[in-house]
Amino acid sequence: MEPGLRWRRSCRPPVSAFLRDPGSGRVYKRGKLIGKGAFSRCYKLTDMSTSAVFALKVVPHGGAGAGRLHPRGKVEREVALHSRLRHRNIVAFHGHFADRDHVYMLLEYCSRQSLAHVLEARQTLTEPEVRYYMRGLVSGLRYLHQLRIVHRDLKLSNFFLNKNMEVKIGDLGLAARVGPGGRCHRVLCGTPNFLAPEVVSRNGHSCQSDIWALGCIMYMVLTGAPPFVAAPLSEMYQNIRDGRYPEPAHLSPNARRLIARLLAPNPAERPSLDHLLQDDFFTQGFTPDRLPPHSCHSPPIFAIPQPLGRLFRKVGQLLLNQCRPPCPFTPDEASGPGEDGSEPDSMGCSGTSVSEREAPCPEVPINLLTQVNLRSDPAGPEGSLRQEVEVAIRKLQLCLKPGPPGGGPAHAHPACQPQPMPVALPGVPVSLAAALQ
Ligand code: 9ZP
């Protein structure tokens, strides 16, 4: 069939293999199709003169012959809003141009796709990862909210990951500015994912409605399922209005408490973005500064620089011994193969960690061993070792802090409830033992 006839039948004008921005004169080469939306198609795009790579969003103009009509003015609104934004946790807007058939938006290319892809591969994420991602999301969202912009469609597939695993909020197609009352009554077209009670009750969308969505997202990445599911829709809306969702009993008490705060039916009771990062979930647990790319498909093991790795391994084993005496492994076995550096030291706490592989007791009495995988790393450059050790001590102190009263892992063995570190640790230099307390 003749190409022109084909697109008129499919109602989509073709996108040229080469595109020229008439404003800048730049020429781009269109790459592979990376996705399709209701009104848009997205491609990888390369600048022919600089080799810079972008994600290209192509939207047909509304009007005759444009196929499925894009609501008039919507793309112009998205361009006007997004093009003014600049923040490391918001997908960068690099420019736009149009021809007879299309509007083209040049957006930051995120080679590791989205958090939806990560969750699909992983089913659930660890709490340190969730803290890492949420810290980035809160930062991007705080920027939007300061500009009185509500996103209105926060969801995992709108959180993009660049090659360094930095998270970026994207797709501002439903974003809108809130009025002086802090609410936005603009009609929501499309199907936003995590509707807040006030949106279900048609009281308008506010910044706090985005916070509700963050609560749904946190629930989803930690449990693998959304808190509210549509069966039937009227029941789901009632559950949303009541803030009633299946209790995620296997999560840490701090995670459960923060989810409950975020999913408060009354928007005024939800924490502000500034208060969110002060929550115990963030302050009492380890947050990595970066994530390894392999965490897109397998749980990460976080690293502690040597020589602390070896020490921590011993401390961990001493604590395991306390956990359920008598432990069947001997001090010889306890020093393990990692000592000579042939196998990484590991004080794992989730996934296939020390608690599963080496310890007789799968539930371990300290937050450290329930929240994070720790592995010793070869020492960094000479000069940075002291600094790394200091940072590691601070992080370990946070991890080792016993949870609040009764606040151990929900499934913990009674003999494994959080205990303060002993004053003297056999075999541990006193100064370091003190630093760890
Ligand atoms: N998709 C499979 C279906 C082929 C991919 O392989 C794929 C790969 C990506 O990078 C390697 C990628 C998306 C899909 N990356 C990416 N997608 C974006 C994006 C940035 N990077 N965005 C920037 N702003 N908005 C987003 C948005 C539109 C360009 N997307 C995707 C959303 C759905 C498709 C593209």
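The structure this text deals with has already been given above.
Since the structure is predicted, the reported quantities are computational estimates derived from the model, not experimental observations. Along each chain, residues carry numbers from 1 onward, in the same order as the chain's sequence is written. In keeping with the predicted nature of the model, local features appear solely for residues at pLDDT of at least 70, side-chain atom pairs appear and are counted solely at 80 or more, and the whole-chain, interface and lining totals rest on all residues. The side-chain values count all of the structure's non-hydrogen atoms but skip hydrogen atoms and water molecules.

Residues in close proximity to the ligand total 14 residues, the closest being Ile 34, Glu 108, Tyr 109, Cys 110 and Phe 160. For the ligand, a nitrogen atom lies 2.9 Å from a polar atom in the backbone of Cys 110. Pairing of N or O atoms within 3.5 Å defines a polar contact, subject to two protein rules: one partner must be a possible hydrogen donor and the other a possible acceptor, and residues neighboring in sequence count only if both atoms are side-chain atoms. In the environment of the ligand, an oxygen atom lies 3.4 Å from a nitrogen or oxygen atom belonging to the side chain of Gln 113. Considering the ligand on its own, with 670 Å² of exposed area, one finds that the protein chains cover 75% of that surface. Looking at the shell around the ligand, the elements with two or more residues in it are strand S2 (27-36) and strand S6 (102-108). Ten residues, namely Ala, Val, Leu, Ile, Met, Phe, Trp, Tyr, Cys and Pro, are considered nonpolar, four, namely Asp, Glu, Lys and Arg, are considered charged, and the remaining ones, Gly among them, are considered polar. Taken together, the residues of the shell around the ligand sort by class into 9 nonpolar, 3 polar and 2 charged. We call a residue near a molecule or strand when any one of its heavy atoms sits within 4 Å of it. For accessible areas, the Shrake-Rupley method is used with a probe of radius 1.4 Å. Any residue's cover is judged against the shown protein chains and nothing else. Note on conventions: DSSP H or I runs of at least 4 residues are helices, E runs of at least 2 residues are strands, and numbering of each starts at the N terminus.

Moving on, we come to the sheet that holds strand S5 (residues 93-98). In sheet architecture, strand pairing relies on hydrogen bonds along the backbone and comes in two forms, parallel and antiparallel. Note: two strands are recorded as paired if DSSP finds a minimum of 2 bridges between them. What the 6 strands build is an open sheet, ordered S1-S2-S3-S4-S6-S5; its pairing is antiparallel. Each edge of the open sheet carries a strand with a single partner, namely strand S1 (18-20) and S5. Each strand axis lies, on average, 35° off the axis of its neighbour in the sheet, ignoring direction. Taken together, the 7 bridges between strand S4 (residues 53-60) and S6 define a ladder with antiparallel strand orientation. Opposite Phe 54, over in S6, you have Glu 108 as the bridge partner. Between N-to-C directions, angles cover 0 to 180 degrees, with each direction set by a line fitted to C-alpha atoms, over the stretch in contact for helices.

This part takes up the pattern of salt bridges. In a structure, side chains of opposite charge can pair up when their charged atoms sit close to one another. In what follows, salt bridge is the name for a side-chain nitrogen of Lys or Arg lying within 4 Å of a carboxyl oxygen of Asp or Glu. For the coordinates displayed, the defined rule picks out 15 salt bridges. For Glu 166, the salt bridge goes to Arg 88, with nearest N and O atoms at 3.0 Å. One end of the pair, Glu 166, is in the loop between strand S8 (159-161) and strand S9 (167-169); the other, Arg 88, is in the loop between helix H2 (74-82) and S5, and 78 residues separate them in sequence. Since its relative accessible area comes to 24%, Glu 166 is described here as partly exposed. For every residue, the accessible area obtained with a 1.4 Å probe (protein chains only) is divided by the maximum for its type, and the residue is called buried under 20%, exposed over 50%, and partly exposed between those limits. Take Arg 88: its relative accessible area is 56%, and that puts it in the exposed class. In this structure, the salt-bridge partner of Asp 274 is Arg 142, at a minimum N-O distance of 2.8 Å. Highlighted residues: Asp 274 in helix H9 (residues 273-276) and Arg 142 in helix H4 (residues 127-146), separated in sequence by 132 residues. For Arg 142, a relative accessible area of 26% puts it in the partly exposed group.

Think of it this way: a Phe, Tyr or Trp ring, Trp meaning its six-membered ring, pairs with another when their centres are within 6.5 Å, and the plane angle makes it stacked under 30 degrees, edge-to-face over 60, tilted otherwise. Applying the stated criterion to the full structure yields 8 aromatic pairs. When the centroid spacing of 5.6 Å and the interplanar angle of 80° are considered together, the rings of Tyr 219 and Tyr 245 count as edge-to-face. Of this pair, Tyr 219 sits in helix H6 (residues 207-223) while Tyr 245 sits in the loop between helix H7 (233-242) and helix H8 (253-262), placing them 26 residues apart in sequence. Comparing Tyr 219 with Tyr 245, the two get one shared label, buried. Connected via pairs of aromatic rings, a cluster forms that spans Tyr 28, Phe 54, Phe 97 and Tyr 104.

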